[in-house]
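Residue-level structural notes
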Amino acid sequence: MGKGVLVLDFGSQYTQLIARRVRELGVYSEIRPYNIAVEEVKQLSPGGIILSGGPATVRSEDAPLCDEGILKLGIPVLGICYGMQLITKMLGGEVGPASKREFGRAELESLKGSPLFRDIEMPMTVWMSHSDKILSPPAGFHPIARTANSPVCAMSDEESRIYAIQFHPEVSHTPLGRKLLANFLFNICRLNADWSMSSFLEESIENIREKVGEERVLCALSGGVDSSVVAALLHRAIGDRLQAVFVDNGLLRLGESQRVKEIFMEQLGLNLKMVDAADEFLKDLEGVTDPEVKRKRIGHRFIRVFEETARGLGEFKYLAQGTLYPDVIESVPVQGPSATIKSHHNVGGLPKDMEFELIEPLRSLFKDEVRELGELLGLPKKLIWRHPFPGPGLAVRIVGEVTERRLRILREADRIVEEEIEDSGLYNEIWQAFAVLLPVKSVGVMGDERTYDYAIAIRAVESKDGMTADWVQLPYELLGKISNRIINEVDGVNRVVYDISSKPPSTIEWE
Ligand code: XMP
């Protein structure tokens, strides 16, 4: 990563944000666990190192420390919050508890000119979140800025090019934080801003060609953003030597199969095998109401169908997958291992027992970077900005047994939700909005007739990563319109309710 920045992760909730900010400034960055060995760092040979914040205190016995050699490599270092306290402790300074925990805005005053603050007007507003402070900096370090509560709020050793700050430059509450990070990258590390999505695209194409040579690559296309971008990228790199497989499991949204065919076969000209396995999946789901059993059966059937299809398509050395960066970062386990809440089924993660070498060209990208790449590859905006859709499809949105009739009802209701949310202009502000079919029947009246039909629940949530979510306060008018349309247009539904639960304690999908 010669011209990039290494971010060492001490468990801060902002670590990914630091890496993002650096990339936004045109410099490649990668996150590694705090305990990476100095030898590995030497091999990576980064142009700068950032030590993240973290929830621990360096005053505790089991505080996470980095390899001491890392601070002696002569590579410029920026310590942020915990990173600052760590530098202080490891290089012989003194850290103590702050007289009061400092959280929120503070005004930073400069004590000494520093390349870190070049062209930044002081005092500068910064965002603090810490309960320890620097009592005395290590030998060779000088305070360069302070706040009312932190006399050493920033310090540096210009000779060894180690800088440390108590506040968080990566968050938007530090308005000039971006400028400060730019100063670190360009004035101190002397890096160039030459990382962009188009340079990434060119490099990836070259790497894929070099790796694949004359071999063939197999790829499971789900129609979601990640697998679509992988397929489009590989197609650009190796053309017909990419074989994509799309499995219609019968649990997809209305018109999905047709859409995939149009975009990938007709517009992009991909070598795409479409498999209609709906009957097999539906058969496996007959009589099944337990959500975990549904998920497992769908997962197993997918592997079977995919393997069988692949076997009929000849020899492949490689399997391409849309693994993203957040899936590969080994973060510091601050909490214990979390319990399995749902067994997630991802098209990408499946054929474990097939003998392929993996190609994961999105391994270093964040979700929105993948979208940017997709746009560069010419994929339709609508596909790129589509809400996430679970691998087990509509099966986990039909509470109770999955039948043809229930699927038909849910598909029609789902299409109305999507159309109305799009029309309202709110689509891109919402993480997911969809319909759920409840196994509850209730009494209604239509015309002069009594009805006894199903209820549909509408779910709309906002979220950053799907891990936590809050229900969206959709305008009543919009909810009214969706409800009216569903009850009038979808045969079999006579009641619509709105799900107002957040995650946790609920989950986003109902099953
Ligand atoms: P939950 O329901 O666990 O969902 O709160 C969190 C996010 O994950 C999506 N989801 C899945 N995605 N395979 C997937 O690829 C799955 O099996 C799966 N289950 C849930 C869900 O749509 C939400 O965005």
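Residues numbered from 1 in each chain as written. Predicted model: local features only at pLDDT ≥ 70, side-chain atom pairs only at ≥ 80, totals over all residues. Heavy atoms only, no water.

Below, the discussion takes up the overall build of the chain. The secondary structure content of the chain amounts to 14 helices and 18 strands. Considered along the principal axes of its C-alpha atoms, the chain spans approximately 85 × 60 × 40 Å. Restricting to contacts in the chain with at least 6 residues of sequence separation, those with at least 24 account for 77%. If you sum the accessible surface of the chain, you get close to 23700 Å²; carbon and sulfur atoms cover 47% of it. On the chain, the mean spot of the 60 positive side-chain charges and the mean spot of the 75 negative ones are 1 Å from each other. (Helix = DSSP H or I, 4+ residues; strand = E, 2+ residues; numbered from the N terminus. Contact = heavy atoms within 4.5 Å. Areas by Shrake-Rupley, 256 points an atom, 1.4 Å probe, with all protein chains shown as cover. Lys, Arg positive; Asp, Glu negative; His and termini not counted. Charge placed at Lys NZ, Arg CZ, Asp CG, Glu CD.)

Before going further, it helps to examine the packing of aromatic side chains. Under the defined criterion, the tally for this structure stands at 8 aromatic pairs. Taking the centre distance of 5.4 Å and the plane angle of 40 degrees together, the rings of F10 and Y82 count as tilted. A residue pair is termed long-range when its members are at least 10 positions apart, and F10 in the loop between β1 (5–9) and α1 (15–24) and Y82 in helix α3 (residues 82–90) qualify at 72 residues. Across the pair, exposure class does not vary: F10 and Y82 are buried alike. When the centroid spacing of 5.6 Å and the interplanar angle of 75 degrees are considered together, the rings of F103 and W127 count as edge-to-face. Placement of F103 in strand β5 (residues 94–110) and of W127 in strand β6 (residues 124–136) is noted, with a sequence separation of 24 residues between them. An aromatic cluster is defined as three or more aromatic residues linked by ring pairs; in this entry it consists of F10, Y34 and Y82. (Phe/Tyr/Trp six-rings, centres within 6.5 Å; stacked < 30°, edge-to-face > 60°. Buried < 20%, exposed > 50% of the residue type's maximum accessible area, 1.4 Å probe, protein only.)

Moving on, we come to the sheet that holds strand β10 (residues 217–220). Here 5 strands make up an open sheet; going across it, the order is β12-β11-β10-β13-β14 and the pairing parallel. In this open sheet, the two strands that pair with only one neighbour each are β12 (272–276) and β14 (357–359). Mean inter-strand twist for the sheet, computed between neighbouring axes without regard to direction, equals 25 degrees. Pairing geometry for β10 and strand β11 (residues 242–248), over 4 bridges, is parallel. By the bridge assignment, V217 is partnered in β11 with L242. Packed onto the sheet, helix α5 (residues 197–212) meets β10, β13 (318–320) and β14 and runs at close to 165 degrees relative to β14. Across the sheet, helix α9 (residues 291–311) touches β10, β11, β12 and β13, and the angle it forms with β10 is around 150 degrees. (Pairing = 2+ DSSP bridges. Axes fitted to C-alpha atoms, helices over the stretch in contact; angles between N-to-C directions.)

With that out of the way, let us pick up a positive patch on the surface. A cluster of basic side chains, namely R118, R161, K179 and R190, defines a positive patch on the protein surface. With respect to the secondary-structure elements, R118 resides in the loop between β5 and β6. Among the residues examined, R118 registers a relative accessible area of 41% and is labelled partly exposed. (Patch = residues over 30% accessible without salt bridge, like charges linked within 9 Å, V, L, I, M, F, W, Y side chains within 5 Å. Salt bridge = Lys/Arg side-chain N within 4 Å of Asp/Glu carboxyl O.)

Structurally, F167 is set in the loop between β9 (162–165) and α4 (177–188). Residue classification places F167 among the buried positions, given a relative accessible area of 0%. Along the backbone, F167 and M84 are 83 residues apart, and their C-alpha atoms lie at a distance of 9.4 Å. Excluding residues that lie within four positions of it along the chain, F167 makes contacts with I80, C81, L108, M124, V126, W127, M128, C153, T174 and L180.

With that settled, consider the pattern of salt bridges. Under the criterion given, the structure shown has 32 salt bridges. Residue E30 is joined to R32 by a salt bridge in which the shortest nitrogen-to-oxygen separation is 2.7 Å. In this structure, the salt-bridge partner of R386 is E256, at a minimum N-O distance of 3.2 Å. On the criterion of sequence distance, the pair formed by R386 in the loop between α12 (381–384) and α13 (404–424) and E256 in helix α7 (residues 256–267) is long-range, its members being 130 residues apart. Per residue, the accessibility class of R386 equals that of E256, and both read buried. One salt-bridge network, in which partners are shared between bridges, spans R415, E419, E420, K481, R485 and E489.

Our focus in this paragraph is the pairing of strand β4 (residues 77–80). Neither face of β4 is open: one carries V77 and G79, the other L78 and I80, and all of them are buried. Pairing geometry for strand β3 (residues 48–51) and β4, over 3 bridges, is parallel. Residue pairing in the sheet places I49 in a bridge with V77 of β4. Looking at chain direction, β4 and β9 are connected through 4 bridges and run parallel. Each bridged residue has a counterpart across the sheet, and for G79 the counterpart in β9 is A164.

Right, let's get into the sheet that holds β9. Strand order across the open sheet formed by 9 strands is β2-β1-β3-β4-β9-β8-β7-β5-β6, with mixed pairing between neighbours. At either end of the open sheet lies a strand with only one pairing partner, and these are β2 (29–33) and β6. Each adjacent strand pair in this sheet contributes to an overall mean axis angle of 25 degrees, direction not counted. Against the sheet, α1 engages β1, β2, β3 and β4, with an angle of about 155 degrees to β2. Contacts from α3 reach β3, β4, β5, β6, β8 (154–157) and β9 within the one sheet, and its direction differs from that of β4 by about 115 degrees.

Another aspect to go through is the domain arrangement of the chain. Partitioning the chain into domains gives domain 1 (5–188), domain 2 (197–384) and domain 3 (397–498). Of note, the centres of domain 1 and domain 2, computed from C-alpha atoms alone, are 38 Å apart. At the junction of the two partners, domain 1 supplies 13 residues and domain 2 supplies 12 residues. Interface area, domain 1 with domain 2, both sides summed: about 1000 Å², of which 57% is carbon and sulfur. Taken as a group, Q16, R20 and R23 account for 45% of the area that domain 1 buries against domain 2, more than any other trio of residues on that side. There are 2 salt bridges connecting domain 1 and domain 2. In this structure, E369 and R23 form a salt bridge, with 2.6 Å as the shortest nitrogen-oxygen distance. Where domain 1 packs against domain 2, one counts 4 residue pairs in polar contact (both at pLDDT 80 or more). When contributions to the side of domain 1 that touches domain 2 are tallied by element, the ones reaching two or more residues are α1 and β2. Per-element tally for the side of domain 1 that touches domain 2: the top contributor is α1, with 4 residues. (Domains from an automatic or database assignment. Buried area = accessible area lost by both parts, 1.4 Å probe. Polar contact = N/O pair within 3.5 Å; in protein donor to acceptor, adjacent residues only side chain to side chain.)

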